[in-house]
Amino acid sequence: GAGVSQSPSNKVTEKGKDVELRCDPISGHTALYWYRQSLGQGLEFLIYFQGNSAPDKSGLPSDRFSAERTGGSVSTLTIQRTQQEDSAVYLCASSPGPPGNTIYFGEGSWLTVV
Amino acid sequence: TQLLEQSPQFLSIQEGENLTVYCNSSSVFSSLQWYRQEPGEGPVLLVTVVTGGEVKKLKRLTFQFGDARKDSSLHITAAQPGDTGLYLCAGVSGTYKYIFGTGTRLKVLA
């Protein structure tokens with residue numbers, strides 16, 4: 001596609017339920033990032049993929065969070081047993097290669113846990 | 001833990017005024033980027049600075065990378081309502097990591 005596509009754009013879920021957030025990066029981009037942004041704040045790094053492997057998972061807040069990437073393309077961020085503090089915008093970004101290049105963000109998935 | 005602190009956190013000014021946003025860290029970065037984010041959208045890259053002391057100009061925006069590559073500033077001349085948004089700096093660390101700042105929310109009043 002022309003840009004990074006994320007779905008769903010908005011998700012309201014009950015506390016304790018599992019959610020899956022999807023990211024479709026720009027075609028050909030090898031690097032993929034997930035960030036979390038609380039209301040109007042800066043971005044918190046969650047995980048980085050190079051191809052299908054995730055050399056850095058250090059930003060995942062707890063073992064309830066996991067992510068995978070298949071075929072060097074689509075990525076899914078899964079949050080199990082959601083808590084209210086998980087409410088945030090989850091942003092995905094992709095990049096064609098080395099850092100210092102432009103990273104392109106999607107519009108984000110707004111998650112609200114009630 | 002690498003942190004990038006931005007100041008001010010919030011800024012509300014009148015159209016035509018000048019402003020400067022600061023991005024500071026105790027860590028050295030290989031490069032630094034500035035992004036602007038509007039409501040409901042992801043951040044969009046404005047500029048990348050690579051060399052210590054580097055200054056880049058983008059129309060009314062001037063970006064500077066500190067000599068020690070630990071800090072940066074964004075100066076806007078004659079701000080316009082269209083400049084309103086959340087400004088984020090991001091330091092590039094190591095081979096892949098983008099560390100984002102805490103953000104500066106700018107509102108320019110007509």
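Below is a short write-up of the structure. Predicted model, so just to flag it, every value in this text is computed and none were measured.

What to know about the overall build of chain B
Each helix and strand counted, chain B has zero helices and eleven strands in total. Beginning at the N terminus, the succession of helices and strands in chain B can be written as β-β-β-β-β-β-β-β-β-β-β. Against the globule reference of 13 Å for 110 residues, chain B gives a C-alpha radius of gyration of 13 Å, in line with a compact fold. The C-alpha extent of chain B, read off along each of the three principal axes, is 40 × 30 × 20 Å. When contacts within chain B are restricted to residue pairs at least 6 apart in sequence, long-range pairs at least 24 apart make up 54% of them. Averaging the coordinates of the 10 positive side-chain charges in chain B and doing the same for the 9 negative ones gives two points 4 Å apart.

A short note on the pattern of salt bridges
Under the counting rule described, the total for this entry stands at eight salt bridges over all chains. Here Arg36(B) and Glu38(B) are joined by a salt bridge, their closest N and O atoms 3.7 Å apart.

A short note on the interface of chain B and chain A
Contact residues are listed per partner, giving 23 residues for chain B and 22 residues for chain A. A combined buried area of about 1700 Å² lies between chain B and chain A, and 55% of that area is made up of carbon and sulfur atoms. At the junction of chain B with chain A, the criterion picks out one salt bridge. Linking chain B with chain A are six residue pairs in polar contact (both at pLDDT 80 or more). Where the side of chain B that touches chain A is concerned, the elements lending two or more residues are strand 4 (31-37), strand 5 (44-49), strand 9 (85-93) and strand 10 (97-100) of chain B. At four residues, the largest contribution of residues to the side of chain B that touches chain A is made by strand 4 of chain B. Residue composition of the side of chain B that touches chain A, by class: nine nonpolar, eleven polar and three charged.

As for the side chain of Thr82(A)
All names here are of chain A. Here Thr 82 lies in the loop between strand 8 (75-79) and strand 9 (88-95). Here the side chain of Thr 82 touches Glu 14 through a polar contact of 3.3 Å, landing on its backbone oxygen. Thr 82 has contacts with Thr 13, Glu 14, Lys 15, Gly 16, Lys 17, Val 19, Arg 64 and Val 113, leaving out every residue within four places of it along the chain.

Some thoughts on the sheet that holds strand 3 (residues 19-24) of chain A
Within a sheet, each strand pairs with its neighbour through backbone hydrogen bonds, oriented either parallel or antiparallel. All names here are of chain A. The strand order across the open sheet formed by four strands is 1-3-8-7, and the pairing between neighbours is antiparallel. Of all strands in the sheet, those bounded by a partner on one side alone are strand 1 (5-7) and strand 7 (65-69). Going across the sheet, the axis of each strand differs from the next one's by a mean of 15°, ignoring polarity.

With respect to the layout of surface pockets
Within this model, the largest pocket holds a volume of roughly 430 Å³. If you trace the largest pocket, you find 24 residues lining it, with Gln37(A), Val89(A), Trp110(A), Pro39(B) and Gly40(B) closest to the centre. Every element with two or more residues in the lining of the largest pocket is listed here: strand 9 and strand 11 (109-113) of chain A. A per-element tally of the lining of the largest pocket places strand 11 of chain A first, with four residues.

Observations regarding the side chain of Arg69(A)
Residue and element names in this part refer to chain A. Locating Arg 69 in the fold gives a position in strand 7. Of the side chains bearing the opposite charge, Asp 24 lies closest to the buried Arg 69, which forms no salt bridge; the N-O distance is 8.1 Å. Within the structure, the side chain of Arg 69 is placed 3.0 Å from the backbone oxygen of Gly 51, a separation counted as a polar contact.

Details of the pairing of strand 3 of chain A
Residues and elements named next belong to chain A. By the alternation rule, side chains of strand 3 split into Val 19, Leu 21 and Cys 23, which are all buried, and Glu 20, Arg 22 and Asp 24, of which none is buried. Strand direction decides the pairing type here: strand 1 and strand 3, joined by three bridges, are antiparallel. Of the residues in strand 3, the one forming a bridge with Gln 6 is Cys 23. Sheet topology note: the strand 3/strand 8 ladder contains five bridges and is antiparallel. In the strand pairing of strand 8, Leu 21 is matched with Leu 77.

Cut-offs and rules
Residues numbered from 1 in each chain as written. Chains lettered and ligands numbered in written order. Predicted model: local features only at pLDDT ≥ 70, side-chain atom pairs only at ≥ 80, totals over all residues. Heavy atoms only, no water. Helix = DSSP H or I, 4+ residues; strand = E, 2+ residues; numbered from the N terminus. Rg over C-alpha atoms; globule rule 2.2 N^0.38 Å. Contact = heavy atoms within 4.5 Å. Lys, Arg positive; Asp, Glu negative; His and termini not counted. Charge placed at Lys NZ, Arg CZ, Asp CG, Glu CD. Salt bridge = Lys/Arg side-chain N within 4 Å of Asp/Glu carboxyl O. Buried area = accessible area lost by both parts, 1.4 Å probe. Polar contact = N/O pair within 3.5 Å; in protein donor to acceptor, adjacent residues only side chain to side chain. Nonpolar A, V, L, I, M, F, W, Y, C, P; charged D, E, K, R; others polar. Pairing = 2+ DSSP bridges. Axes fitted to C-alpha atoms, helices over the stretch in contact; angles between N-to-C directions. 1 Å grid on protein atoms, 1.4 Å probe; cavity = no way out; pocket = protein on both sides within 12 Å on 5 of 7 lines; lining within 4 Å. Points joined across faces, edges and corners; volume = space filled by probe spheres on them. Buried < 20%, exposed > 50% of the residue type's maximum accessible area, 1.4 Å probe, protein only.

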